[in-house]
Amino acid sequence: VPLESLRRMNRHGATTTCKAIPSALLTTEEARKFNHHVRRNRGELLFARTWLLVEGETEVSVFSECGDLLDTDLHGQGIRIVECSQAGGPGIFIKVADALGINWHMVADGDSNGQKYAQDARDLLSGRPEAEQISLLKHSNIDVLLCCSGYGKPYRDGVGPKKEAELAGLAVGSPEYWQKVYAIVNKARGFSKPEAALQSILEMKAAGAGGVPGELKDILDKATSQGGKA
């Protein structure tokens, strides 16, 4: 079924509008990626009020759990967390979201790749305030953010004895310290970042709503605010 055949009804108060994807909106390759990542595997996204666009698997897990801890019913508010890195970034999703009247908020890592994703999103703002649509993490990625927020033990435990010397001279708990820890475990054979992130999330859950990092809470607040505009 061609993309341009997709229709979406949006209600704004007493007014209902019909939205569709223009035939020339996506390139052939973009359309292929969208069909695979959304229409074939996650068709429910087309019924969402808001897409929270994130880079990868870890962000999906972290934001889902943070929403639960904050008693924010993301599903009930029509907010869906969308991993966009496998489709080449946020551009495809933003184009389709705008065409269909779906709100969106993009979360990008603070590293070079995240900066590129953020710029891709900026290029599609069409005059909208950047602060409402894009959040650039203060740290290089969500793993380092978790570490700097007090949940770094699962990552620190992955630093073997042979790598301990590489942490010498760094203030324990500093952003530089955790960035180095991440750099070590990221290259360590047999170390699972998803598993470490899961353990960090479990520690966060034990701390309750007050344990949710403020930066992540602010992002969820923006996403729920976007949802209220639909």
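Look up: the structure comes first, before these words.
Residues numbered from 1 in each chain as written. Predicted model: local features only at pLDDT ≥ 70, side-chain atom pairs only at ≥ 80, totals over all residues. Heavy atoms only, no water.

Caption draft 1: Here's a closer look at the overall build of the protein. The secondary structure content of the protein amounts to ten helices and six strands. A buried classification covers 44% of the 230 residues belonging to the protein. Per element, the accessible surface of the protein, about 11,300 Å² overall, is 51% carbon and sulfur. (Helix = DSSP H or I, 4+ residues; strand = E, 2+ residues; numbered from the N terminus. Buried < 20%, exposed > 50% of the residue type's maximum accessible area, 1.4 Å probe, protein only. Areas by Shrake-Rupley, 256 points an atom, 1.4 Å probe, with all protein chains shown as cover.)

Caption draft 2: Quick peek at the packing of helix α6 (residues 142-151) against helix α9 (residues 193-207). In contact at an axis separation of 11 Å, α6 and α9 are set at 35° when each is read in the N-to-C sense. For the element pair α6 and α9, the recorded crossing hand is left-handed. When α6 is examined against α9, the residues Asp-143, Leu-146, Gly-150 and Tyr-151 are found in contact with a partner set consisting of Lys-193, Ala-197, Ser-200, Glu-203, Met-204 and Ala-207. Per-class residue counts for the contact of α6 with α9 are five nonpolar, two polar and three charged. (Axes fitted to C-alpha atoms, helices over the stretch in contact; angles between N-to-C directions. Left-handed = near helix turned anticlockwise from the far one by under 90°. Contact = heavy atoms within 4.5 Å. Nonpolar A, V, L, I, M, F, W, Y, C, P; charged D, E, K, R; others polar.)

Caption draft 3: Quick peek at the layout of surface pockets. In this structure, the largest pocket spans a volume of roughly 200 Å³. Around the largest pocket sit 13 residues that line it, and Thr-58, Glu-59, Asp-143, Tyr-182 and Lys-193 are the ones nearest its centre. The set of elements that each furnish at least two residues to the lining of the largest pocket consists of α2 (57-69), α6 and α9. Looking at the lining of the largest pocket, the element that brings in the most residues is α2, giving three residues. Looking at the lining of the largest pocket residue by residue, the class counts come to three nonpolar, three polar and seven charged. (1 Å grid on protein atoms, 1.4 Å probe; cavity = no way out; pocket = protein on both sides within 12 Å on 5 of 7 lines; lining within 4 Å. Points joined across faces, edges and corners; volume = space filled by probe spheres on them.)

Caption draft 4: Structural view of the environment of Trp-104. Its location among the elements puts Trp-104 in strand β5 (residues 103-108). Taking C-alpha positions, Trp-104 is 6.7 Å from Gln-133, a pair spaced 29 residues apart along the chain. Within the structure, Trp-104 has its side chain in polar contact with the side chain of Asp-98 (distance 3.0 Å). (Polar contact = N/O pair within 3.5 Å; in protein donor to acceptor, adjacent residues only side chain to side chain.)

Caption draft 5: Seen up close, the side chain of Glu-59. Relative to the helices and strands, Glu-59 resides in helix α2. It is Lys-193 that comes nearest to the buried, bridge-free Glu-59 among opposite-charge side chains, at 9.3 Å. When neighbours within four sequence positions are excluded, Glu-59 is seen to be in contact with Val-54, Asp-109 and Ile-142. (Lys, Arg positive; Asp, Glu negative; His and termini not counted. Salt bridge = Lys/Arg side-chain N within 4 Å of Asp/Glu carboxyl O.)

Caption draft 6: A look at the packing of α6 against helix α8 (residues 175-187). Between α6 and α8, whose axes approach to 9 Å, the crossing angle comes to 130°. When the axes of α6 and α8 are compared, the pair comes out oblique. The chirality of how α6 crosses α8 is right-handed. On α8, the residues touching Asp-143, Val-144, Cys-147 and Cys-148 of α6 are Pro-175, Trp-178, Gln-179 and Tyr-182. Counted by class, the contact of α6 with α8 contains six nonpolar, one polar and one charged residues. (Parallel < 35°, antiparallel > 145°, perpendicular 65-115°, else oblique.)

Caption draft 7: Structural view of the pairing of strand β3 (residues 50-54). Of all five residues that make up β3, five are buried, and the element is covered over most of its length. The alternating pattern of β3 places Thr-50, Leu-52 and Val-54 and Trp-51 and Leu-53 on opposite faces, both of which are buried. Sheet topology places β3 next to strand β4 (residues 79-83); five bridges connect them, and they run parallel. Bridged to Leu-53 within β4 is Val-82. (Pairing = 2+ DSSP bridges.)

Caption draft 8: Geometry of the packing of aromatic side chains. Tallied over the full model, the rule gives three aromatic pairs. Between Trp-51 and Phe-93 the ring centres are 6.1 Å apart and the planes differ by 80°, which places this aromatic pair in the edge-to-face class. In this pair, Trp-51 is assigned in strand β3 and Phe-93 in helix α3 (residues 91-100), connecting sequence segments 42 residues apart. (Phe/Tyr/Trp six-rings, centres within 6.5 Å; stacked < 30°, edge-to-face > 60°.)

Caption draft 9: Geometry of the pairing of β5. In terms of burial, β5 is largely enclosed, as six of its six residues are buried. The side-chain alternation of β5 yields two buried faces, one formed by Asn-103, His-105 and Val-107 and the other by Trp-104, Met-106 and Ala-108.

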